Amino acid sequence: MNTLVVTGTDTGIGKTVVSAGLTAALGATYWKPVQAGLDDETDSAFVARLSGQLVLPEAYRLKLPASPHISAAADGIEIDSARLFLPKTQTPLIVEGAGGVLVPLNRQMLYLDMFARWQAPVVLCARTALGTINHSLLSLRALRGAGVVVAGVIFVGDAEPEVEDTICSFGAATHLGRLRILPDLTAAALRDAVADNLELDVIRQAMGASTCES
(Lines give C-alpha, C1' and ligand atoms only; values in the text may rest on other atoms or scores of the structure.)
Protein backbone atom coordinates (compact mmCIF):
# COMPACT_ATOMS: atom_id res chain seq x y z
CA MET A 1 0.00 0.00 0.00
CA ASN A 2 1.37 3.40 -1.00
CA THR A 3 0.71 5.29 2.22
CA LEU A 4 2.13 8.60 3.43
CA VAL A 5 1.47 10.04 6.88
CA VAL A 6 1.46 13.82 7.28
CA THR A 7 2.26 15.15 10.74
CA GLY A 8 3.57 18.43 12.09
CA THR A 9 5.56 20.13 14.77
CA ASP A 10 2.43 21.77 16.19
CA THR A 11 -1.19 22.56 15.45
CA GLY A 12 -2.26 25.19 12.93
CA ILE A 13 0.92 25.08 10.86
CA GLY A 14 -0.54 24.03 7.52
CA LYS A 15 -0.68 20.22 7.72
CA THR A 16 -4.13 20.11 6.19
CA VAL A 17 -3.17 22.42 3.32
CA VAL A 18 -0.13 20.23 2.63
CA SER A 19 -2.30 17.12 2.88
CA ALA A 20 -4.81 18.55 0.41
CA GLY A 21 -2.04 19.49 -2.00
CA LEU A 22 -0.42 16.07 -1.82
CA THR A 23 -3.76 14.29 -2.13
CA ALA A 24 -4.50 16.15 -5.36
CA ALA A 25 -0.99 15.88 -6.80
CA LEU A 26 -0.66 12.15 -6.11
CA GLY A 27 -4.22 11.25 -7.10
CA ALA A 28 -4.57 9.90 -3.59
CA THR A 29 -7.31 9.06 -1.13
CA TYR A 30 -7.31 11.08 2.10
CA TRP A 31 -8.03 9.86 5.62
CA LYS A 32 -8.13 11.78 8.89
CA PRO A 33 -8.52 9.09 11.59
CA VAL A 34 -9.72 11.44 14.35
CA GLN A 35 -11.49 14.76 13.86
CA ALA A 36 -11.67 16.85 17.02
CA GLY A 37 -13.91 19.90 16.53
CA LEU A 38 -17.03 19.97 14.36
CA ASP A 39 -18.25 23.57 14.50
CA ASP A 40 -16.20 24.81 11.53
CA GLU A 41 -15.26 23.11 8.25
CA THR A 42 -13.60 19.83 9.14
CA ASP A 43 -10.21 18.85 7.77
CA SER A 44 -11.82 16.13 5.66
CA ALA A 45 -14.29 18.59 4.13
CA PHE A 46 -11.46 21.06 3.50
CA VAL A 47 -9.33 18.44 1.73
CA ALA A 48 -12.30 17.22 -0.33
CA ARG A 49 -12.99 20.78 -1.46
CA LEU A 50 -9.40 21.59 -2.40
CA SER A 51 -8.29 18.24 -3.79
CA GLY A 52 -11.35 16.87 -5.56
CA GLN A 53 -10.24 13.40 -4.48
CA LEU A 54 -11.88 10.64 -2.46
CA VAL A 55 -12.01 11.33 1.28
CA LEU A 56 -12.71 8.46 3.66
CA PRO A 57 -14.90 8.98 6.74
CA GLU A 58 -13.13 9.55 10.03
CA ALA A 59 -13.00 6.73 12.57
CA TYR A 60 -13.91 9.28 15.26
CA ARG A 61 -15.75 12.61 14.96
CA LEU A 62 -15.48 14.48 18.26
CA LYS A 63 -17.20 17.74 19.14
CA LEU A 64 -14.59 19.53 21.25
CA PRO A 65 -11.61 21.14 19.42
CA ALA A 66 -8.90 19.77 21.70
CA SER A 67 -6.37 16.97 21.98
CA PRO A 68 -8.16 13.77 20.87
CA HIS A 69 -8.02 12.14 24.29
CA ILE A 70 -9.58 15.21 25.93
CA SER A 71 -12.15 15.63 23.19
CA ALA A 72 -13.13 11.95 23.40
CA ALA A 73 -13.51 12.18 27.18
CA ALA A 74 -15.81 15.18 26.73
CA ASP A 75 -17.99 12.98 24.50
CA GLY A 76 -17.95 10.22 27.11
CA ILE A 77 -15.85 7.79 25.13
CA GLU A 78 -12.25 6.61 24.78
CA ILE A 79 -10.50 6.21 21.44
CA ASP A 80 -9.85 2.54 20.67
CA SER A 81 -6.57 2.28 18.76
CA ALA A 82 -7.74 -1.02 17.23
CA ARG A 83 -10.19 1.01 15.12
CA LEU A 84 -7.36 3.04 13.59
CA PHE A 85 -5.94 0.42 11.24
CA LEU A 86 -4.90 1.75 7.84
CA PRO A 87 -7.71 1.36 5.28
CA LYS A 88 -7.05 -0.47 2.03
CA THR A 89 -7.46 1.74 -1.03
CA GLN A 90 -7.03 1.46 -4.79
CA THR A 91 -4.97 4.66 -4.86
CA PRO A 92 -2.13 6.11 -2.76
CA LEU A 93 -3.31 7.03 0.73
CA ILE A 94 -2.59 10.28 2.57
CA VAL A 95 -3.18 10.03 6.33
CA GLU A 96 -3.19 13.20 8.42
CA GLY A 97 -2.45 13.20 12.13
CA ALA A 98 -3.62 15.77 14.67
CA GLY A 99 -1.49 18.53 16.14
CA GLY A 100 2.07 17.35 16.68
CA VAL A 101 3.89 14.04 16.92
CA LEU A 102 3.30 13.51 20.65
CA VAL A 103 -0.42 14.28 20.79
CA PRO A 104 -2.26 11.63 22.86
CA LEU A 105 -4.99 9.50 21.30
CA ASN A 106 -6.01 8.09 24.67
CA ARG A 107 -4.41 7.73 28.10
CA GLN A 108 -2.12 4.96 26.91
CA MET A 109 -1.17 5.87 23.34
CA LEU A 110 0.32 8.82 21.45
CA TYR A 111 0.03 9.49 17.74
CA LEU A 112 3.72 8.61 17.61
CA ASP A 113 2.89 5.09 18.80
CA MET A 114 0.31 4.77 16.04
CA PHE A 115 2.81 5.99 13.42
CA ALA A 116 5.22 3.29 14.57
CA ARG A 117 2.46 0.67 14.37
CA TRP A 118 1.48 1.73 10.84
CA GLN A 119 5.08 1.53 9.55
CA ALA A 120 4.37 4.04 6.78
CA PRO A 121 6.75 6.87 5.84
CA VAL A 122 6.04 10.20 7.54
CA VAL A 123 6.35 13.75 6.22
CA LEU A 124 6.93 16.37 8.91
CA CYS A 125 5.38 19.80 8.26
CA ALA A 126 7.29 22.63 9.93
CA ARG A 127 6.98 26.38 10.11
CA THR A 128 9.82 28.56 8.95
CA ALA A 129 9.11 31.08 11.74
CA LEU A 130 11.10 31.62 14.94
CA GLY A 131 11.16 28.58 17.21
CA THR A 132 10.85 26.02 14.45
CA ILE A 133 14.40 24.63 14.77
CA ASN A 134 13.79 23.33 18.28
CA HIS A 135 10.31 22.00 17.56
CA SER A 136 11.37 20.36 14.30
CA LEU A 137 14.47 18.64 15.66
CA LEU A 138 12.56 17.35 18.69
CA SER A 139 9.89 15.94 16.38
CA LEU A 140 12.42 14.30 14.07
CA ARG A 141 14.26 12.76 17.01
CA ALA A 142 11.02 11.40 18.46
CA LEU A 143 9.96 9.89 15.12
CA ARG A 144 13.27 8.19 14.52
CA GLY A 145 13.50 7.02 18.12
CA ALA A 146 10.21 5.17 17.61
CA GLY A 147 11.50 3.50 14.46
CA VAL A 148 9.40 5.61 12.08
CA VAL A 149 10.71 6.20 8.55
CA VAL A 150 10.93 9.95 7.90
CA ALA A 151 10.39 10.76 4.23
CA GLY A 152 11.44 14.36 4.83
CA VAL A 153 10.34 17.83 5.88
CA ILE A 154 7.93 20.18 4.11
CA PHE A 155 8.25 23.77 5.27
CA VAL A 156 5.36 26.25 5.38
CA GLY A 157 5.88 30.01 5.34
CA ASP A 158 8.35 32.57 4.03
CA ALA A 159 11.71 31.34 2.82
CA GLU A 160 14.31 30.99 5.60
CA PRO A 161 17.16 29.12 3.90
CA GLU A 162 19.48 29.02 6.90
CA VAL A 163 16.74 27.81 9.21
CA GLU A 164 15.58 25.17 6.73
CA ASP A 165 19.13 23.97 6.11
CA THR A 166 19.84 23.79 9.84
CA ILE A 167 16.80 21.59 10.47
CA CYS A 168 17.53 19.23 7.58
CA SER A 169 21.23 19.05 8.42
CA PHE A 170 20.93 18.40 12.16
CA GLY A 171 17.83 16.27 11.64
CA ALA A 172 19.38 14.25 8.78
CA ALA A 173 16.16 14.85 6.87
CA THR A 174 15.39 15.42 3.21
CA HIS A 175 14.15 18.90 2.28
CA LEU A 176 10.93 18.18 0.38
CA GLY A 177 10.20 21.81 -0.46
CA ARG A 178 8.38 24.79 0.96
CA LEU A 179 4.89 26.16 0.51
CA ARG A 180 4.37 29.84 1.09
CA ILE A 181 1.14 31.05 2.66
CA LEU A 182 -1.28 31.45 -0.24
CA PRO A 183 -3.37 34.64 0.02
CA ASP A 184 -6.00 33.15 -2.28
CA LEU A 185 -6.27 29.50 -1.29
CA THR A 186 -8.07 27.84 -4.17
CA ALA A 187 -7.72 24.37 -5.63
CA ALA A 188 -5.91 25.77 -8.67
CA ALA A 189 -3.54 27.95 -6.63
CA LEU A 190 -2.67 25.05 -4.34
CA ARG A 191 -2.16 22.66 -7.26
CA ASP A 192 0.27 25.07 -8.91
CA ALA A 193 2.14 25.77 -5.66
CA VAL A 194 2.62 22.07 -4.95
CA ALA A 195 3.76 21.32 -8.50
CA ASP A 196 6.24 24.20 -8.47
CA ASN A 197 7.64 23.87 -4.96
CA LEU A 198 7.43 20.31 -3.60
CA GLU A 199 9.66 17.36 -4.47
CA LEU A 200 6.85 15.11 -5.63
CA ASP A 201 9.13 12.54 -7.29
CA VAL A 202 11.10 12.13 -4.06
CA ILE A 203 7.84 11.72 -2.13
CA ARG A 204 6.60 9.08 -4.58
CA GLN A 205 9.88 7.22 -4.24
CA ALA A 206 9.63 7.25 -0.45
CA MET A 207 6.12 5.80 -0.63
CA GLY A 208 7.17 3.15 -3.13
CA ALA A 209 10.21 2.13 -1.09
CA SER A 210 8.00 1.67 1.96
CA THR A 211 5.67 -0.54 -0.04
CA CYS A 212 8.51 -2.74 -1.29
CA GLU A 213 9.92 -3.15 2.22
CA SER A 214 6.60 -4.01 3.88
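Residues numbered from 1 in each chain as written. Predicted model: local features only at pLDDT ≥ 70, side-chain atom pairs only at ≥ 80, totals over all residues. Heavy atoms only, no water.

The chain goes by ATP-dependent dethiobiotin synthetase BioD in an unreviewed UniProt entry, where it is assigned to Tritonibacter aquimaris. In UniProt, the chain has this text filed under Sequence similarities (unreviewed entry): "Belongs to the dethiobiotin synthetase family." Quoted verbatim from the Subunit (unreviewed entry) field of UniProt, the annotation for the chain is "Homodimer." (UniProt positions renumbered as here; feature names shortened; annotations may be inferred.)

Please clarify how the side chain of Asp 43 should be interpreted in this entry.
Counting through the fold element by element, Asp 43 comes out in helix α2 (residues 43-51). Within the structure, Asp 43 has its side chain in polar contact with the side chain of Lys 32 (distance 2.8 Å). With sequence-adjacent residues up to four places away left out, Asp 43 is seen in contact with Thr 16, Tyr 30, Lys 32, Gln 35 and Glu 96. (Helix = DSSP H or I, 4+ residues; strand = E, 2+ residues; numbered from the N terminus. Polar contact = N/O pair within 3.5 Å; in protein donor to acceptor, adjacent residues only side chain to side chain. Contact = heavy atoms within 4.5 Å.)

What exactly am I supposed to notice about the sheet that holds strand β1 (residues 3-8) here?
In sheet architecture, strand pairing relies on hydrogen bonds along the backbone and comes in two forms, parallel and antiparallel. Across the sheet, which stays open at both edges, the six strands sit in the order β2-β5-β1-β6-β7-β8 with parallel pairing between neighbours. Here the strands that pair on one side only, and so sit at the sheet edges, are β2 (29-31) and β8 (175-179). Taking each pair of neighbouring strands and ignoring which way they run, the sheet shows an average axis angle of 25 degrees. In this structure, strand β6 (residues 122-127) lies alongside strand β7 (residues 150-156), joined through six bridges in parallel fashion. (Pairing = 2+ DSSP bridges. Axes fitted to C-alpha atoms, helices over the stretch in contact; angles between N-to-C directions.)

Explain the packing of aromatic side chains to me, please; I cannot follow it from the model alone.
All told, the structure shown has three aromatic pairs when counted by the stated rule. Ring plane angle 50 degrees and centroid distance 6.3 Å describe the contact between Trp 31 and Trp 118, whose orientation is recorded as tilted. Within this pair, whereas Trp 31 is found in strand β2, its partner Trp 118 is found in helix α4 (residues 111-118), the two being separated by 87 residues in sequence. A ring pair is formed by Phe 115 and Trp 118, whose centres lie 6.0 Å apart and whose planes are at 40 degrees; its orientation type is tilted. Note that Phe 115 and Trp 118 are positioned in helix α4 at a spacing of three residues, about one turn of the helix. With a relative accessible area of 10%, Trp 118 lands in the buried category. Three or more aromatic residues joined by ring pairs form one cluster here, namely Trp 31, Tyr 111, Phe 115 and Trp 118. One residue, Arg 83, lies across the ring of Tyr 60, its end atom 4.2 Å from the ring centre. (Phe/Tyr/Trp six-rings, centres within 6.5 Å; stacked < 30°, edge-to-face > 60°. Buried < 20%, exposed > 50% of the residue type's maximum accessible area, 1.4 Å probe, protein only. Lys NZ or Arg CZ within 6 Å of the ring centre and 35° of its normal.)

What is the right way to look at the environment of Lys 63 in this model?
Take Lys 63: it is sitting in the loop between β4 (60-62) and α3 (68-74). Counting along the chain gives 26 residues from Lys 63 to Gly 37, while the straight-line C-alpha distance between them is 4.7 Å. With sequence-adjacent residues up to four places away left out, Lys 63 is seen in contact with Gly 37, Leu 38, Ser 71 and Asp 75.

Which parts of the structure should I look at to understand the pairing of strand β5 (residues 93-96)?
Look at any regular strand and the pattern is simple: side chains alternate between the two faces of the sheet. Side chains of β5 alternate between two faces, with Leu 93 and Val 95 and Ile 94 and Glu 96 buried alike. Pairing of β1 with β5 involves four bridges; the strand directions are parallel. By the bridge assignment, Leu 4 is partnered in β5 with Ile 94. Relative to β5, β2 is paired through three bridges, and the arrangement is parallel. Among the inter-strand pairings, Trp 31 is bridged to a residue of β5, identified as Val 95.

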